[in-house]
Each structure stands twice: as C-alpha cells, then as structure tokens.
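Descriptive structure summary
Next come the chains, spelled out residue by residue.
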Amino acid sequence: MSDLHHLSIAQLIDGLQSQHFSSVELTDHFLKRINTLDKDINSFITLDEDGARQAAKDADAKRSSGADLANTPLLGVPMAHKDLFCTKGVLTTSGSKMLHNFVSPYDATVVSNIRNAGAISLGKLNMDEFAMGSDNESSFYGAVHNPWDTSRVPGGSSGGSAAAVAAGFVPFATGSDTGGSIRQPASFCGLTGMKPTYGRVSRFGMIAYASSFDQASTIGRSAEDCAYLLHPMAGYDPRDATSIDREVPNYVADLQAAAEKADADKPFAGLRIGVAKEYFGSGLDSEVESTVRAALKQYEDLGATIVEVNITDPEITLATYYMLAPAEASSNLSRFDGVRFGYRCEDPKDLADLYTRTRSEGFGTEVQRRILMGTYALSAGYFDAYYTKAQKVRRLILEDFKKAFESCDVIASPTAPNTAYELNTALDPVTMYLGDVYTIGVNLAGLPAISMPAGFNQAGLPIGLQLIGNHWDDSKLLTTAHLFQQHTDYHTKLSPVAQTGV
Ligand code: GLN
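As the structure is a computational prediction, the values presented were derived from the model and not from experiment. (Residues numbered from 1 in each chain as written. Predicted model: local features only at pLDDT ≥ 70, side-chain atom pairs only at ≥ 80, totals over all residues. Heavy atoms only, no water.)

**Some remarks on the overall build of the protein**
Going by this rule: The helix and strand labels rest on DSSP assignments: H or I over at least four residues marks a helix, E over at least two residues marks a strand, and numbering proceeds from the N terminus. Our radius of gyration is a C-alpha quantity, and the globule rule it is checked against amounts to 2.2 Å times the number of residues to the power 0.38. Using a 1.4 Å probe on the protein chains alone, a residue whose accessible area is under 20% of its type maximum counts as buried, one over 50% counts as exposed, and one in between counts as partly exposed. Throughout, a contact is declared for two residues whenever any of their heavy atoms are within 4.5 Å. For accessible areas, the Shrake-Rupley method is used with a probe of radius 1.4 Å. Any residue's cover is judged against the shown protein chains and nothing else. Residues scored as charged are limited to Lys and Arg (positive) and Asp and Glu (negative), so that His and the chain ends carry no count. By convention, the charge on Lys lies at NZ, on Arg at CZ, on Asp at CG and on Glu at CD.
Along its length, the protein carries 17 helices and 11 strands. A compact globule built from 502 residues would reach a C-alpha radius of gyration of about 23 Å, and the protein, at 21 Å, matches this within 12%. Projected onto its principal axes, the C-alpha coordinates of the protein cover approximately 65 × 55 × 45 Å. Considering the protein as a whole, with its 502 residues, one finds that 60% of them fall into the buried category. For the protein, restricting intrachain contacts to residue pairs at least 6 apart in sequence, the fraction spanning at least 24 positions comes to 76%. Accessible surface, the protein as shown: approximately 18,800 Å² in total, 51% of it carbon and sulfur. For the protein, the separation between the mean place of its 42 positive charges and that of its 59 negative charges on side chains is 4 Å.

Structure below.
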C-alpha cells in the first residue's frame, strides 16, 4: 500500500469502509511521508502526530463498533489546516512571530465542523504571514517549496496547504482566500482550489486579515475532493455575523448526480461561459494565455457556448483591493499588542515602548507595510478620499459582475498571469500585487470561484483556469469543474515529490 496518497477522497472512503486499510494505517502512511519528505518542502509548521494517531484509533474503533456513520462521511480520512484556523490545544501562528507561542483555547467552527464529519487533522500548514502575500515567502517559519520544482514558490498565501496536497502529504486541506489565496497556489501547484460565496463558511476562529473578504476555502486534487471537504465546512454559524443562514446543498451528491445526467459527448450543452477581454490583458504570460484558451476550446467542444462579457478594468479592481484590504487589516491587527497573547518584547520601558517594540519586532515587513497603508487610508483627512471612494468603487465592481452574469452562467479566466516563479526572486511589492490581478475582483464582489489545472507550460509547470460563479452558485461551479475533469486528465498528473515513495 505504498500509493495510498494517490487515491481520491471517494477511494479513501471506500477503502476504509471495505477495510482495505484502517485509518491508523492511512494516517501512518501520510505521517511517514511528511517526516521523510517535508524537510525539502516546509509545508507544515506544526505536526500533531500524537493527536492524529489517537483520532485515527478512535475512528477505527467507531467504524468497527457498528455505530451509525451517516453524519461522519469523512470518518478516518486525514487532512490538515492552514495555520490561521484556531485549534484548541495545538499551536496557531498565522505564519507570524507575533503568534509563535499562541495556543488557542477554542476551535474555529471550520475545525470543529470538519472534525465532527470524522476527518483527522495531521497538523497546521505554513502560510504567508497573516495571509498577506502570494508566494509564501513572508512566513516567519520559512518559505515553502513547490513540489513540482523545489526551486520555485508554491504561491500564497495558502502555500503550505497547496504544497502539502501536491506533495502527497495530505489528500486535501483547508486554506483561506481573501484575494486569491486558495486559487493562485492551486494554480501554481496543479491542484483544484475552491473559494466559496462570502458568508457560506463561518469565519469564527479564523484569524482575520480583511474581514469583508476572508473566506475559508478548500484545496484538493479534484473538484470532487474539494466538494467532500466543503460540504461539512459550510453552513450558518451564529458566532459569525456575516455567515448566512441558507440551506447547504450536498455538494458531493450534486456533482455526482450532474455527472450521471450529463450527455456523454456534450456534457456542457446549454452552459454559457463568459469570457472578458479584461482578463486577457497585458502582463499575461503567453503560455498561460494559450493554455487557458485551449481549455476554453475544450469546453466548447464539450458543448458549452462562449459569450463575450465585460467586467471592471482589473487595474481599478487591484487598486480598490489594495486600499480596502490593508485598511481592514490595520484595524484587525491592532489587537496584537503584546498584552493579552502572543509575542511580547523584552523589558519594555513603559506602555508605549511595549506596544511599539512588540509590534515592530513581532510583525514582518509585508505586514507592517499593509498596516501602514491601511492606517493611512483610514486616517482623518484621507478617509473620504481613499477609503470611502474605494468602497464606492467596490459596489461598481459588483454591479459589473452582476451585469455580466445576465448573459452567462460562469466567467472563465486565467487564475494568475504567470506560473510558479523562482524562490528569492525578491519581487517588489507592486509586482507581487499585480499577480493578484485576476483573482481579487471575486473577493470584492463576494462571489464563489474555483481554480483547476488546465495544462502545463514547456517547463512542465502547472497552469490554472479560473471559473467564477454568481452568488450561491458554489455547487454549479464545482459541477462545471468536475465534468471537465471527467473528460480531461490534467488534474491527475502528479508532482515529482508525490511520485516519490518513502
Ligand atoms: N495575495 C493577496 C494579498 O496579498 C491575497 C491574499 C489572500 O487571499 N489571503 O493580499
């Protein structure tokens, strides 16, 4: 059973049910891979071996006891969490020195929901500090290496989540997406990443970056695997005022039913895919463009119709995001002051010194930059010119999307303008921000979106296709990706690390 890490979630569930392997065996398999191979990837910040083994034993005992398993569809299946989900009793750092010693007294709702569904957390995954970044190089715990080419970045900020799945260390993982943080690493690591509609998943216990954008997300090797994880995560939570009380469809059953119903040759008959020229502008790598256009042609061959739509100029969208997200971040991060939890500077002279040195020493450069930008935008005299104006533009961006969805069902685009770049490229901040140009509109508008593999460049690096849905079309998006994956094999390709046995 050396290739358990190649199995899909459906196959893992099947194997556990038919007792081909136990949860303890499965968990040991993944832990052994992590212990042997993660030194070259650095995807985990904390590995919870004891907790995982105990949970696996309990899962096996529950299965053999003959208990009703209807509410535990993921019983005994391993996974891991991005290190911004609070986990009771296990370190939660958000990739920062500021939280290097923070053990949460409670679980995030996402964490307890997934545990209640029976899944087993192996630990906590590396990420850009406070989820600010696009290459995972701002983590206090070191950069993460891309399993497709370990000299390259995995993307970010959910870089640890993407690298761990692409390396075969966990079958799927949680992440978060504030401006593209699940979709862009999915694109860089040849995976499928799903950012749900804003309000679909509780933010309670998820360390905030920009609260009106943040949404917990899933990353796996296929849309079907993402659906298995999204289903227990989703739902109303009275502890998050922005979570929405709306029925949760069974994403897995929906996608399987759609696959059964679909025409064998033209599964996308009737589907209108919107393509916006704004998403194919300057700065787009030519291999990314040709690969995405070829994938769109495949959709057409499988019955879809391509329609032209317009969305807001991505440069305006980018400027709006980089005004509002840092503003929210500067407010959210004011709670880290060395008083109640986390890092505290040594021997403070007085209270002002405590605050100043704690925050100067505890936050990295990118986080400090964002706090400065955000504080500036919110300060008296500038508030209306920057913050209020950006809020107005945010509304217009949403209206442009709404208008586009009058003539199409989903909008397709490249996920990122480029493929995974070399580590230590030391991009200047603005160049890095430009990499988010295709993903952030979705977050400004609160829409669901998915990134899935659409091919590879000459160097063998994965390229992602983004599909954007209208509000609450999460299930439709997963299905649109799943049917494509039933007719193509890009998502089945494995990184060199995933092909390495231990
Ligand atoms: N790269 C974007 C940023 O740095 C998005 C990050 C995210 O989605 N958390 O803000």
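More follows now that the structure is in view.
**Comments concerning the site of the ligand**
Quick reminder of the rule: Working definition: residue near molecule or strand if any one of its non-hydrogen atoms lies within 4 Å of it. Nitrogen and oxygen atoms within 3.5 Å of one another constitute a polar contact, given that in protein one can donate a hydrogen and the other can accept it, and given that sequence-neighbouring residues count only through two side-chain atoms.
Near the ligand there are 15 residues, and of these Ala131, Gly179, Ser181, Tyr209 and Tyr321 occur at the shortest range. One of the side-chain N or O atoms of Tyr321 is found 2.7 Å from an oxygen atom in the ligand.

**Concerning unusual backbone geometry**
The omega angle of the peptide bond from Gly156 to Ser157 is 5°, so this bond is cis rather than trans. A positive phi angle is found at Asn42, which is not glycine, with a value near 65°. Considering the arrangement of structural elements, one finds Asn42 in the loop between helix H2 (23-37) and strand E1 (44-47). Notably, Ala131 is not glycine yet its phi reads approximately 65°, a positive angle.

**Focus on the pairing of strand E11 (residues 462-469)**
Heads up, the rule is: Here a strand pair is declared whenever DSSP counts at least two bridges between the two strands.
Among the eight residues of E11, eight are classified as buried, and the element is accordingly described as predominantly covered. Taking every second residue as pointing to the same face, both faces of E11 are buried, with Pro462, Gly464, Gln466 and Ile468 on one and Ile463, Leu465, Leu467 and Gly469 on the other. Where strand E10 (residues 449-456) lies against E11, seven bridges are found, and the strand directions are antiparallel. In the sheet register, Ser451 faces E11, and the bridge partner there is Gln466.

**Comments concerning the side chain of Thr480**
Note that Thr480 resides in helix H16 (residues 474-487). On the basis of relative accessibility, which here comes to 5%, the residue Thr480 falls in the buried class. Beyond its immediate stretch of four places on either side in the chain, Thr480 contacts Phe268, Leu271, Tyr299, Val410 and Leu467.

**Points about the packing of helix H4 (residues 109-116) against helix H7 (residues 223-233)**
The following threshold applies: Note on geometry: axes are lines fitted to C-alpha atoms, helical ones only across the stretch in contact, with angles between N-to-C directions running from 0 to 180 degrees. Every angle not falling under 35 degrees, over 145, or within 65 to 115 is termed oblique; those three ranges are roughly parallel, roughly antiparallel and roughly perpendicular. With the far helix as reference, a near helix turned anticlockwise by less than a right angle produces a left-handed crossing, and one turned clockwise produces a right-handed crossing. Following the grouping adopted for this structure description, the nonpolar residues are Ala, Val, Leu, Ile, Met, Phe, Trp, Tyr, Cys and Pro, the charged ones are Asp, Glu, Lys and Arg, and the polar ones are all others, Gly among them.
Running from N to C, H4 and H7 point in directions that differ by 110°, and their axes come no closer than 8 Å. As the angle between them shows, H4 and H7 are arranged roughly perpendicular. In the crossing of H4 with H7, the sense of the turn from one axis to the other is right-handed. Residues Val110, Asn113 and Ile114 of H4 pack against Leu229, Pro232 and Met233 of H7. For the contact of H4 with H7, the residue count by class is five nonpolar, one polar and no charged.

**Let's talk about the environment of Phe484**
Note that Phe484 resides in helix H16. Its relative accessible area of 0% is what places Phe484 among the buried residues. Sequence separation between Phe484 and Ala319 is 165 residues, and the spatial gap between their C-alpha atoms is 33 Å.

**Structural notes on the packing of H2 against helix H3 (residues 49-64)**
For the pair H2 and H3, the least separation of the axes is 8 Å and the interaxial angle reads 160°. By the criterion of interaxial angle, the relationship of H2 to H3 is roughly antiparallel. In the crossing of H2 with H3, the sense of the turn from one axis to the other is right-handed. Along the contact surface, H2 presents Ser23, Val24, Thr27, Asp28, Leu31 and Asn35, while H3 presents Glu49, Ala52, Arg53, Ala56, Lys57, Ala59 and Asp60. Split by residue class, the contact of H2 with H3 holds five nonpolar, three polar and five charged.

**Here we look at the nonpolar core**
The following threshold applies: Remark: nonpolar core denotes a set of buried residues (Ala, Val, Leu, Ile, Met, Phe, Trp, Tyr, Cys) joined through side-chain atoms within 4.5 Å.
Judged by nonpolar contacts, the single largest core of 148 residues is most densely connected at Phe130, Phe401 and Leu478. Apart from the residues within four sequence positions on either side, Phe401 is in contact with Tyr279, Ile311, Ile411, Gly441, Val442, Ala445, Leu447 and Ile468.

**Thoughts on helix H9 (residues 286-301)**
We apply this condition: To estimate the expected span of a helix, subtract one from its residue number and multiply by 1.5 Å.
The end-to-end C-alpha separation of H9 is 22 Å, in line with the 22 Å expected for 16 residues at 1.5 Å each. On the buried face of H9, the contacting elements are strand E7 (272-276), strand E8 (305-309), strand E9 (410-414), E10, E11 and H16. A side-chain oxygen of the first residue of H9 lies 2.9 Å from the backbone nitrogen of Glu287; this N-cap is Asp285. Where H9 terminates, the next one or two residues include Gly303, which has phi positive at roughly 110°.

**Some details on the packing of aromatic side chains**
So the rule is basically this: Centres within 6.5 Å make a pair out of two Phe, Tyr or Trp rings, where for Trp the six-membered ring is used; the pair is then stacked when the planes are under 30 degrees apart, edge-to-face when over 60, and tilted otherwise. We call a charge positioned above a ring when the Lys NZ or Arg CZ atom is no farther than 6 Å from the ring centre and deviates by at most 35 degrees from the ring normal.
Across all of its chains, the model carries 20 aromatic pairs by this definition. When the centroid spacing of 5.1 Å and the interplanar angle of 85° are considered together, the rings of Phe140 and Tyr141 count as edge-to-face. According to the relative accessible area criterion, Phe140 is partly exposed, its value standing at 45%. With 5.9 Å between their ring centres and 45° between their planes, Tyr376 and Tyr386 make a pair best called tilted. Taken together, the residues Tyr376 in helix H12 (residues 365-378) and Tyr386 in helix H13 (residues 383-404) connect sequence positions 10 residues apart. Tyr376 sits in the partly exposed class, given a relative accessible area of 42%. Given the relative accessible area of 34%, Tyr386 is considered partly exposed. The rings of Phe102, Phe130, Phe336, Phe341 and Phe363 are connected pair by pair, giving a single aromatic cluster. A cation over a ring is seen here: Arg239 above Phe204, with NZ or CZ 4.2 Å from the ring centre. Positioned over the ring face of Phe280 is Arg293, at 4.1 Å from the centre of the ring.

**Focus on the pairing of E7**
Note on strand geometry: in a regular strand, side chains alternate between the two faces of the sheet. The test is simple: Place the viewer so that the strands point away; then a crossover is right-handed whenever the path from the first strand over the helix to the second strand goes clockwise.
In terms of burial, E7 is a largely internal element, four of the five residues being buried. Across five bridges, E7 lies against E8 in parallel orientation. Its bridge partner being in E8, Gly274 is matched across the sheet by Val307. The handedness of the E7 to E8 crossover, carried by H9, is right-handed.

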